[in-house]
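Breakdown of the fold
If you want the building blocks of each chain, they are given just below.
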Amino acid sequence: MRKLYVYILLLMPLLAVNAQDANFLLLRHHYTINSDGSVDYNVRKELKLLRNRSFAQYGETYVVYNPAFESVKINEAYTIRKDGTRVEVPQNAFISQLPTACQNCGRLNGIRELVVVHTALEYDATIVLDYTIHRATTVLDQELCVQQPDPVNMFDFIIDAPSNSLYEVSVSKPIQGCGASIQTVSDGHAYHIQARDVQPLDNDFYGGKNCRDVVVISNPKASVAAEPIAALSECASVLAELKSDSQSEYASAIARYVQSNIVTNHIRQSLLQYRYASPSEVWSSGCATDAEKSLLLVAMLKQAGFQAQVVDVDKGVVSAVVDGDSIVLYAIQNPSSSASDSVSVSR
């Protein structure tokens, strides 16, 4: 009997780690593309709370938007308690604030974050939130993560687009795998897919993102053309300080400078209508999105005399020719290495 107790105690931590914190009964993303090209993006989530740490993880919802061309409308926000009673989110639980990711960057201070503080949370309570973001822009290129930290009973993805729309709607990377039962629904929508019983992400409560299944909706007709990247003369004095007899070390030092000295604002490029600040603007402001840091690094490398180009603008990956070799540099801290390992060589 004593051994049995020992085994049970050893297994209890494992059971606690593997137990799910919550369950998404429904997660819906519905895009309505209007005849003038503007977009109404509706999100609805119905989330059942199962463990106490889900209160911290899901107790607040953050809706980030840019008032310059977007507006937010809360359609429904309430909690269904275990006994079935419905508790509406009070008006003072809707808080508008500057997103943390936009701090320390004056040119991003117009972006807002609507915080919805969910109330009456308890075991087996269900959070219901339905909101719509109206986007007065014809540019759209958005990725949606199908999997969540906890299981999703129903993932619903809908697009409505009129025949005379300015959009040429395309969806790539369709849902696959993730243990889901997937079907295309023919019900009058331009595009409608449902995924049932979606498995959670392979990470823990504090783990990083590793979403494998992504839905992408874009509008190729209205894509923002990339401006050619010129050398950045404003950084000449800094480059003089970074100069090294080793060209490889020189290029690496420039990459480390961008990583360490330019504040990174991790926001979606859609909040800026997919427009990038110029390297000159980034240099003067001292802050940049992930993509803008890529452009800055290329401009600085060109000013230093290197041939350089962007490899992956959203991940901060840049290539440069150094001593006849093509090397890879990172404008953003490479998560798989230290800052000193910012260079890899491709021969």
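Model, not experiment: these values are computed from the prediction.

Cut-offs and rules
- Residues numbered from 1 in each chain as written.
- Predicted model: local features only at pLDDT ≥ 70, side-chain atom pairs only at ≥ 80, totals over all residues.
- Heavy atoms only, no water.
- Pairing = 2+ DSSP bridges.
- Helix = DSSP H or I, 4+ residues; strand = E, 2+ residues; numbered from the N terminus.
- Axes fitted to C-alpha atoms, helices over the stretch in contact; angles between N-to-C directions.
- Buried < 20%, exposed > 50% of the residue type's maximum accessible area, 1.4 Å probe, protein only.
- Contact = heavy atoms within 4.5 Å.
- Polar contact = N/O pair within 3.5 Å; in protein donor to acceptor, adjacent residues only side chain to side chain.
- Phe/Tyr/Trp six-rings, centres within 6.5 Å; stacked < 30°, edge-to-face > 60°.

1. Things to note about the sheet that holds strand β5 (residues 86–88)
- What the 8 strands build is an open sheet, ordered β5-β4-β8-β2-β1-β10-β13-β12; its pairing is mixed. At either margin of the open sheet sits one strand with a lone partner, and together these are β5 and β12 (181–184). Put simply, the sheet's adjacent strands are angled 10° from each other on average, direction ignored.
- Bridge count between strand β2 (residues 39–49) and strand β8 (residues 126–135): 10 bridges; the pairing is antiparallel. From the neighbouring strand, Tyr-41 faces β8, where its bridge partner is Ile-133.

2. Remarks on the sheet that holds strand β3 (residues 60–65)
- Reading across the sheet, the 3 strands line up as β3-β7-β6 and stay open at both edges, with antiparallel pairing between neighbours. Looking along the sheet, the strands with just one partner apiece sit at the ends: β3 and β6 (94–97). Neighbour-to-neighbour, the strand axes of this sheet turn through a mean angle of 20°, independent of strand direction.
- Note that β6 and strand β7 (residues 112–117) share 4 bridges and pair antiparallel. Considered in β7, the bridge of Phe-94 is made with Val-116.

3. Quick look at unusual backbone geometry
- One non-glycine residue, Asn-104, lies in positive phi territory at about 65°.
- Position of Asn-104 relative to the elements: it lies in the loop between β6 and β7.
- By relative accessible area, Asn-104 is classed as exposed at 65%.
- Notably, Ala-120 is not glycine yet its phi reads approximately 60°, a positive angle.
- Checked against the element boundaries, Ala-120 lands in the loop between β7 and β8.
- Owing to a relative accessible area of 26%, Ala-120 belongs among the partly exposed residues under this scheme.

4. Quick notes on the pairing of strand β1 (residues 22–33)
- Among the 12 residues that make up β1, 9 are buried, leaving the element largely enclosed by the rest of the structure.
- In this sheet, β2 lies alongside β1 in antiparallel orientation, the contact comprising 11 bridges. Looking at the pairing, Leu-26 lines up with Glu-46 of β2.
- Between β1 and β2, which pair antiparallel and follow one another directly, the connecting turn spans 5 residues, one of which, Gly-37, has a positive phi of 95°.
- Sheet analysis places β1 next to strand β10 (residues 152–160), joined by 7 bridges and oriented parallel. In the sheet register, His-30 faces β10, and the bridge partner there is Ile-158.

5. Here's the deal with the environment of Asp-150
- Within the secondary structure layout, Asp-150 lies in the loop between β9 (141–145) and β10.
- Taking the relative accessible area as the measure of exposure, Asp-150 reaches 3% and is therefore buried.
- Residues Asp-150 and Leu-47, 103 residues apart in the sequence, show an inter-C-alpha distance of 9.8 Å.
- The residues touching Asp-150, leaving out its near neighbours within four places in the chain, are Gln-20, Asp-21, Ala-22, Phe-24, Gln-57, Tyr-58 and Pro-200.
- Looking at Asp-150, its side chain comes within polar contact range of the main-chain nitrogen of Asp-21, at 3.0 Å.

6. As for the packing of aromatic side chains
- Under the definition given, this model contains 7 aromatic pairs.
- Their ring planes at 20° and their centres at 4.5 Å tell us that Tyr-31 and Tyr-41 sit as a pair that is stacked. Within this pair, whereas Tyr-31 is found in strand β1, its partner Tyr-41 is found in strand β2, the two being separated by 10 residues in sequence.
- Taking the relative accessible area as the measure of exposure, Tyr-31 reaches 0% and is therefore buried.
- Owing to a relative accessible area of 6%, Tyr-41 belongs among the buried residues under this scheme.

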